[in-house]
Amino acid sequence: MLGLGLGVSKVSSLRSLAAKLLAKLKSRSTYYENNKDSKQVVQDLDTIEVLDKASILLTPTAYSDARVHSVKTYTGDNVYDDDIDEAVNGGTWTDNGDSTFTVTGTGSPSVGVGVRDVSASYLINGNTYSWTVDGSNVSLAVYDASFTLVASGTSPLYFTATATNRLYISPTDGVSATYSNVSIIDVSSDFDFDRASSATRINSDGLVQDMQSITDPELVLNGDFEELGDDLVVNGDFYNWTGDNPDGWTIQGSENGSNFVTESPSGKLKIVSDGSLIGIQQDILTVGKTYTITVDVDDITGNFYIRTGATGITVAPNRISTTGTLSFNSICSGDGSLFITRGSSGSYTIDNVSVQQVDPNDRWSLGAGWSIEDGELVGDGNMTASDTVNQAYNFTDGNTYKFSFEITERTQGSVFIREPFDGGSDAVGTVGTHTFNYVAGAANELRLRSDDNFTGKIDNISVKDITFSEDVDLARINYDSNGENGHILLEPTSTNLVGYSLPNDTNWSKGSNTTITENYAVSPDGTQNASKLVMPSGSGTYAYYEFTATSTTNHTLSFYAKNNGGDADVTMAFFMASQTQSITLTNEWQRFEFTTSITSGNTVQVGVDNITSVDMLIFGVQCEALPYATSYIPSLTGSTVTRAAETLTGSGNSTLINSTEGVLYAEIAALSTTEGSGNISLSDGTGDNRIYIYYFEDNAISVIYNINSTGAVINNFTLSDITSYTKIAARWGNSNFSVWINGTEVLDVAASNFTSNTLDLLNLAKPDGSGQLEGKCKALAVFDEALTDTELQNLTS
């Protein structure tokens, strides 16, 4: 039986079955989401009793770099056997017991260095496998029988088996390595994913999200200013204070009638003094460092102070006259002492004294006027232009970085970024999160400074390199604007011709009575980068971006906008070239779209114009040479930005696909009613033997059935709206070919049968990877037997 070998019982719990399948899927993927929708698909298939007949089942749930994982795979069993053809080549291999091994060698994987030479006869030629190894400093390599390299890298390593494979586990760079839990699993039902650029989606929170942000590492260390060191105080709870031995503390000054009493068993310390300089001390601090001090005060008469250093501060908050759990920051000056001493005659009882260094790893360098207090960066208004907040990095010249920070409180002044970001950002001086994108220059230091005596607090500083890397190639599980209805989104290549998708005063043209305020409000991507446009009625009320068209075709303008306050809807116009269209703003974000024909070489202006007085927010302005709008393509540095086309290919083999009979099923939606939208193909890798499902213009869907390039059966079916989800199933076998769409049989014809083991490749594209599907996919399945009419009706209803 194909699948995960669960032995599906019709009386088994649907919930338990779905959980087992999805748990197995989660364990072999890097990113996992949309569990609710996928579980429902699994349960629906089991309810109509066809789940066990599915050899491949894809739902938008799990993905890794350049991979999309199907719910059902050929086998979940580990086919690796460490007793088969073991040999040692060019290194040493030690069995440590408990299936743990140590290897040593002279370098990365190559013939003569590999430690385990496994002639893997248990691998099936043409099947795709995932090879995983637990451990460190381990490299993996796969060679064929003639020692030609098939694949190499670190765990997990994906490879397609040849007739004979030799598998090598080697220590990286010649160091000793320990490894265990070798696993080789057939994942032939998974898909290869490719897109040579970044792309955005609507995530499950309903926010616009760049896919690369999922894996972009945070470059800032201690960006939330919450890092504290270990507690430095010895015997801070005073439990070990016995007699004249305070354990960790020293008594300073002449007692002059003063005394120290510990209350047993609580461990609280009561100090009674006649006002002399008497107290307790530990030499645990470093001059110039900031510390968070915490102390419990139970009762007090008069006051006392906690001094950091011999010349430490003796005023509030270090001078204490109230009870409770008190916490404050203090900079050590004079020497490294912590001194708790009387400020006047009287008594006080203390407990749980704790001292922790702020920013213990010295992540930040703070100029005058800056301090870290209570998990925030604080500016006191007493700084000059050279008094910056610094953190050093190895920025890559020419790479684009996303920088953001939050102003949580502000009394006066502004802050901005200095080099290496093209001379720095505009100054900002409003409470909220501020985001900027810059191309790195030659400097290797991040600097934040005030231009006019900033008084306030800053938190959550972040820097990420958002330059696209092909090593981060993630498929998109896209959602509706409410964060529901997850689906795999596949789009064609497209370019945002607007060089600045976030309107600004510098790079957009505007009328004399129009103001543009950048980073004014939280946008649909969840950060404070939406622009505000204010245009009173009358002349000089417009804003636009200008570019030169490079093609003669339909262009589509799109952007997000909302009314900036007020209850009444606002009617305004937006325009592209000489065409204008009125829209109605509400108090909720909406994405507006407008398509018109543009001639190559013409100067094009895209923007907004008012009819009545307008105060609006705008985000994500985009113009594409397409007759419909695709997902948002951010353009932040003045250049056009292109999102590459996406492909989902490479699933299946002759074991998973029964050529003599079966069903190809999909729940899909097109991106446009007027454009061809690509293919889903089941084939032998060519166009000779194939089953195609594909969209084309005018709300039509087509199904092709072809054997040995002779007598292709081509049928077209008209739908009410191909941009709505359609459930379609094509059944072959028993000299018959039939098609079901949305619960109705639309085709039933006599047809020849495929030869056994002919069909072995499933693509969301043509067999060669071209003609890729451009649309949305909620489910895709291959069944290894011809389902009944009743089963097909239930499947597609």
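From a predicted model like this one, the values you see are computed outputs, not experimental measurements.

Here is what the cut-offs are and how they apply
Residues numbered from 1 in each chain as written. Predicted model: local features only at pLDDT ≥ 70, side-chain atom pairs only at ≥ 80, totals over all residues. Heavy atoms only, no water. Salt bridge = Lys/Arg side-chain N within 4 Å of Asp/Glu carboxyl O. Helix = DSSP H or I, 4+ residues; strand = E, 2+ residues; numbered from the N terminus. Buried < 20%, exposed > 50% of the residue type's maximum accessible area, 1.4 Å probe, protein only. Polar contact = N/O pair within 3.5 Å; in protein donor to acceptor, adjacent residues only side chain to side chain. Core = buried A, V, L, I, M, F, W, Y, C linked by side-chain atoms within 4.5 Å. Contact = heavy atoms within 4.5 Å. Expected span 1.5 Å × (residues − 1).

Asker: Lay out the pattern of salt bridges in plain terms, naming residues and giving numbers.
Answerer: Here the structure, examined in full by the defined rule, presents 15 salt bridges. For Glu33, the salt bridge goes to Arg201, with nearest N and O atoms at 3.0 Å. Of this pair, Glu33 sits in the loop between β1 (31–32) and α2 (35–47) while Arg201 sits in strand β15 (residues 200–202); the two residues are 168 residues apart in sequence, bridging distant segments of the chain. For Glu33, a relative accessible area of 14% corresponds to the buried category. Several salt bridges share partner residues, and in doing so they unite Arg195, Arg476, Glu491, Arg643 and Glu646 into one network.

Asker: An account of the side chain of Gln282 is needed here, citing residue identities and associated values.
Answerer: Topologically, Gln282 is positioned in strand β20 (residues 279–283). Within the structure, the side chain of Gln282 is placed 3.5 Å from the backbone oxygen of Gly248, a separation counted as a polar contact.

Asker: Go over the nonpolar core with me, naming the residues and quoting the values.
Answerer: In globular proteins that are soluble, nonpolar side chains generally tend to be buried together. Residues Leu664, Ile680, Ile691, Phe737 and Leu780 are the most contacted members of the largest nonpolar core, which totals 44 residues. Not counting chain neighbours up to four residues away, the residues in contact with Phe737 comprise Ile691, Val703, Tyr705, Ala730, Arg731, Trp732, Leu747, Asp748, Val749 and Ala751. Judged by nonpolar contacts, the second largest core, of 29 residues, contains Leu497, Met535, Leu557 and Val621.

Asker: Describe in detail the side chain of Ser198, supporting the description with residues and values.
Answerer: You can see Ser198 is positioned in the loop between β14 (191–194) and β15. The exposure class of Ser198 is buried, given its relative accessible area of 18%. For Ser198, the side chain forms a polar contact with the side chain of Asp210, separated by 2.5 Å.

Asker: I'd like to hear about α2, residue by residue, with values.
Answerer: Helical geometry: 3.6 residues make up each α-helical turn, so side chains three or four residues apart lie on a common side. Across its 13 residues, α2 extends 18 Å between first and last C-alpha, which sits within 8% of the 18 Å expected from 1.5 Å per residue. By the burial criterion, the buried members of α2 are Ser38, Val41, Val42, Gln43, Leu45 and Asp46. One or two positions beyond α2, positive phi appears at Glu49, with a value near 60°.

Asker: Describe unusual backbone geometry, with residues and values.
Answerer: With an omega of 0°, the peptide bond between Ser155 and Pro156 qualifies as cis. Tracing the backbone shows Pro156 in the loop between β10 (149–153) and β11 (157–160). Going from Ala316 to Pro317, the amide bond is cis rather than trans, its omega being 5°. Of note, Pro317 is situated in the loop between β22 (304–308) and β23 (319–320). Even without a glycine there, the phi angle at Asp362 is positive, about 55°. Within the secondary structure, Asp362 is located in the loop between β26 (346–357) and β27 (365–366). Of note in this structure, Asp374 is not a glycine but carries a positive phi near 50°. Within the secondary structure, Asp374 sits in the loop between β28 (370–373) and β29 (376–380). Taking relative accessible area as the criterion, Asp374 reaches 59% and is therefore assigned exposed.

Asker: Residues and numbers for the environment of Tyr628, please.
Answerer: Mapping Tyr628 onto the fold places it in the loop between β48 (614–624) and β49 (641–643). Taking the C-alpha atoms as reference, Tyr628 lies 9.4 Å from Thr673; in sequence the two are 45 residues apart. Look past the residues within four positions of Tyr628 in its chain and what remains in contact with it is Pro492, Thr556, Leu671, Ser672, Glu675 and Glu774.

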